[in-house]
Amino acid sequence: LLLLLEATLLQLVISSHHPFYNGFYYNHIMNDMGNGQDKVDYFNGARLVVETSKDPVYSYSGANVTLPCHYRYEPDLGDKRKIRIKWSKLRDDYTKEQDVMVAIGKTYVAFGDFKGRAHIHKTSQHEASLVISDVHLKDDGKYRCEVIDGLEDESDVVDLWLQGIVFPYQPPRGQYRLNFHEAEQVCQDQGAILANFNQLFQAWSEGLDWCNAGWLADGTVQYPIRVPRKPCGGVHLAPGIRSYGPRHRHLHRFDAFCFSSALRGEVFYLDHLDGMSLEEAKQSCQDAGAEIARVGHLYSAWKFLGLDRCNAGWLADGSVRYPIVKPRPNCGPAEPGVRSFGFPSKGRFGVFCYKER
C-alpha cells in the first residue's frame, strides 16, 4: 500500500501543470537543503534581456537628454507584448532614491520633480528610452530602466553626467560656518547644488586643490589635494580626496563644495567710471535687462564660455571676484581661475550680470 501511494504521488507531480505566464513556464521546487531558502523559481522558454548604455550619457543644465534603454527576448517571441516600463533614480550605492516614471503602452505617469519633464521615447517596438527635458542640476546620477513582463522583471543602469564645475564656497561669516543644511542652501543661492563625490573626484582630476574641508551631497565631508603638504593631511600622504566621512548634519560645520553646470545664458561685465556700490551694481544689471550674477554663474562662464576679465566685479552674494583664463601680470596667480577679493564692506567695483537666452 505504501509503494502504491508513493507511485501515485510521483505520477501527480510528473503530470502536474506548471503555471504559464507570458510565454514562460515556471517550476516551483521545494528546497530541503536547510539553507533558509524555501523555494527556487526558474523558467523554461524565452529570456527577457534589458540593455542601456555602458558609457555615461553627458548633458548640461537646461538641455534635453535621452537615456537609452532597449529590451529583447531570447529567442525572439515575435508578437507584440504589453509590458510595463519603470524608470527610477538611484543613489550611488544603487538603492532607489526616487521614482521617475512608469509607462504601460502609451499611458505613462511621471513623479515628483519629473512631472512634465519625462516621457518614454519609442522609435522601435522594443525601445524604453527615457527623455528628460529641461535637465536640472540634481538630475545628475544613476538611472535604472526596468522592464516588467508578467512575472519577468529585468533591468539595467545608465549614468547621466552633467557637464559642470565644482567650486569651494565659504559664506561671508568665514571658514567652517555651515552645517549640512546651510551648505545646501548657500549652493542653491549661488545657482548650484552640493557636489557629489564623483563630481569632486572629476574636479580633482582636472586640477582642483583645496585644503579646506567641505560638505558633499551625501552628508560626508571631504577635500581634494593635488600637492600633499603638512596642513592638508601631511606630506607623506599621496594626492587624492581626503575624507572625514559622514558628519552630523546639524551640529558639525564646514565649508561647501558646490556644483554648477553649463549656462543657458551669458555673463557680462558692466562698470562705471568711479565704480559702483553693491546696490548700484544690482540696479545696473536690472537696467540692462539682467540680474546680478551668482558665484555659480561666474564659474560656469569662466569654464565653459571662456570668460576672461581682469576687472573685479560684484556678485549676488556680496563677494567681489574676477575670472582669468589666460594668466598675465597684475591679474593674480600664474594659474587660470576665479580670483576673489572676499566680501568687502566698502569699495566700488564693476559688476558681473547674468542674462538667460
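Residues numbered from 1 in each chain as written. Predicted model: local features only at pLDDT ≥ 70, side-chain atom pairs only at ≥ 80, totals over all residues. Heavy atoms only, no water.

1. Some remarks on the packing of aromatic side chains
Here is the rule: Only Phe, Tyr and Trp rings are paired, with Trp represented by its six-membered ring, and only when their centres lie within 6.5 Å; those with planes under 30 degrees apart are stacked, over 60 edge-to-face, the remainder tilted. For the purposes of this entry, the term helix denotes a DSSP run of H or I that reaches at least four residues, the term strand denotes a run of E that reaches at least two, and both are numbered from the N terminus. Burial here depends on accessible area, computed with a 1.4 Å probe over protein chains only, as a share of the maximum for the residue type. Under 20% is buried, over 50% is exposed, and the range in between is partly exposed.
By the definition in use, this model includes 14 aromatic pairs. With centroids separated by 5.8 Å and ring planes inclined at 80 degrees, the aromatic side chains of Trp215 and Phe254 adopt a geometry described as edge-to-face. One end of the pair, Trp215, is in strand S17 (residues 214-215); the other, Phe254, is in the loop between strand S19 (240-246) and strand S20 (255-261), with 39 residues separating them in the sequence. Of the two residues, Trp215 and Phe254, neither departs from the other in class, the shared state being buried. Ring centres 6.0 Å apart and planes at 80 degrees place the aromatic pair Tyr223 and Tyr244 in the edge-to-face group. Here Tyr223 is found in strand S18 (residues 220-225), whereas its partner Tyr244 is found in strand S19, with 21 residues between them in sequence.

2. Some words on the state of the cysteines
So the rule is basically this: Cysteine sulfur pairs qualify as disulfides if the two atoms are within 2.5 Å.
Taken as a whole and assessed by the stated rule, the structure comprises five disulfides. Note that Cys211 is cross-linked by a disulfide to Cys232, the S-S spacing being 1.9 Å. Handedness of the Cys211-Cys232 disulfide follows from its S-S torsion of about -120 degrees: it is left-handed. Here the residue Cys211 occupies a position in the loop between helix H3 (197-205) and S17, and Cys232 occupies one in the loop between S18 and S19, the gap between them amounting to 21 residues. Exposure remark for Cys211: the relative accessible area of 24% places this residue in the partly exposed category. Sulfur-sulfur distance for the disulfide between Cys310 and Cys331 comes to 1.9 Å. The disulfide joining Cys310 to Cys331 has a torsion of about -120 degrees about its S-S bond and is therefore left-handed.

3. Concerning the sheet that holds strand S12 (residues 129-132)
So the rule is basically this: Note: two strands are recorded as paired if DSSP finds a minimum of 2 bridges between them. Orientation is described by lines fitted to C-alpha atoms, with helices fitted over the stretch in contact, and by angles between N-to-C directions that extend from 0 to 180 degrees.
The strand order S6-S12-S11 describes an open sheet built from three strands, whose pairing is antiparallel. Each having just a single partner strand, strand S6 (65-67) and strand S11 (118-121) make up the two edges of the open sheet. Recorded for the sheet is a direction-independent mean angle of 30 degrees between the axes of neighbouring strands. Across three bridges, the pairing between S6 and S12 is antiparallel. Paired with Leu67 across the bridge in S12 is Leu130.

4. A short note on the nonpolar core
Cut-off, in case you're wondering: Here, nonpolar core means buried Ala, Val, Leu, Ile, Met, Phe, Trp, Tyr and Cys residues that are tied together by side-chain atoms lying within 4.5 Å of each other.
One finds Leu67, Trp87, Met101, Leu130, Ile132, Tyr143 and Phe352 to be the most contacted residues of the largest nonpolar core, which totals 88 residues. Sort the elements by how many residues they give to this core and helix H5 (residues 295-304) lands first, with five residues.

5. Observations concerning the side chain of His297
Threshold: Note on definitions: a residue-residue contact is assigned when non-hydrogen atoms from the two residues lie within 4.5 Å.
Counting through the fold element by element, His297 comes out in helix H5. On the accessibility criterion, His297 (8% relative accessible area) is buried. Beyond its immediate sequence surroundings of up to four residues, His297 is in contact with Gln190, Leu263, Val267 and Tyr354.

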